[in-house]
Amino acid sequence: PATPCIAVSYVGSTLLLEERLPDEASFAEAIAAVGRWLGSPATAVCTLEAARALSAAAQETGRTAAVHLKIDTGMGRLGIRPDEALEFVRALRALPGIRLEGIYTHFATALERERAFMQRQLRAFLRVTAAIEKAGLGRPLLHAANSAALLRAEVAHLDMVRPGTVLYGQYPAPHLPRRLDLR
């Protein structure tokens, strides 16, 4: 079973997502903290438990929580399995005070020389998000590209990207391009 994850915040117009494997106490504290300043951050969810807790905090504060759903297409850490995503989105949309703002995945092997697994992950992600849209559940922001995919897989840039180590001038692997066109 998936473990609750919380990710917080916007810096300017940039969405920052951080995955965590919290214990019960820290998870409850994180939900309470999000509830105190709800409306500002976007929060990642990958369990109905987390979504329900966030919904309760949103209702208590009279606000709406923007959430990004994590789909586990192969990283094997956190997220909803692709075959669970459609029902999860239906359940999420039924929760008061929750707005599905985005759906994302994380590439397990984007920095490897071999791209086949990353490409399979992207295809799985796009199939899931297309099914969600086809079911009439909307088309939120989609994002998958980490630093390595930002540098080598433009097809994975989708609606937004999540640069990490490259923001610090570090390149994820020596064989990846060492130039990033920001235009």
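See above for the structure.
Please read all numbers here as calculations on a predicted model, not as lab measurements. (Residues numbered from 1 in each chain as written. Predicted model: local features only at pLDDT ≥ 70, side-chain atom pairs only at ≥ 80, totals over all residues. Heavy atoms only, no water.)

Participant: Help me understand the packing of helix H3 (residues 85–93) against helix H4 (residues 116–134), please; the structure alone is not making it clear to me.
Facilitator: Relative placement of two packed helices is described by the angle separating their axes and the distance separating the axes. Relative orientation of the contacting elements H3 and H4 amounts to 45°, with a least axis distance of 9 Å. When the axes of H3 and H4 are compared, the pair comes out oblique. Crossing of H3 against H4: the hand is right-handed. The segment H3 lies against H4, with Ala85, Leu86 and Val89 engaging Val128, Ala131 and Ile132. The class makeup of the residues in the contact of H3 with H4 is six nonpolar, no polar and no charged. (Axes fitted to C-alpha atoms, helices over the stretch in contact; angles between N-to-C directions. Helix = DSSP H or I, 4+ residues; strand = E, 2+ residues; numbered from the N terminus. Parallel < 35°, antiparallel > 145°, perpendicular 65-115°, else oblique. Left-handed = near helix turned anticlockwise from the far one by under 90°. Contact = heavy atoms within 4.5 Å. Nonpolar A, V, L, I, M, F, W, Y, C, P; charged D, E, K, R; others polar.)

Participant: I would appreciate a short explanation of H4 in the present structure.
Facilitator: Since one α-helical turn is 3.6 residues long, residues separated by three or four positions face the same way. Helix length check: H4 (19 residues) gives 27 Å between terminal C-alpha atoms against 27 Å at 1.5 Å per residue, within 8%. Looking at H4, one finds that the buried residues are Met118, Gln121, Leu122, Ala124, Phe125, Val128, Thr129 and Ile132. For H4, the buried positions fall inside an angular range of 165° around the axis, keeping them on one side. H4 presents Arg127 and Lys134 as exposed residues on the side facing more than 90 degrees away from its buried surface. Where H4 is buried, its residues touch H3, strand E5 (98–104), strand E6 (141–143) and helix H5 (147–152). Immediately downstream of H4, the backbone of Gly136 shows phi near 80°, a positive value. (Expected span 1.5 Å × (residues − 1). Buried < 20%, exposed > 50% of the residue type's maximum accessible area, 1.4 Å probe, protein only. Arc of directions from axis to C-beta.)

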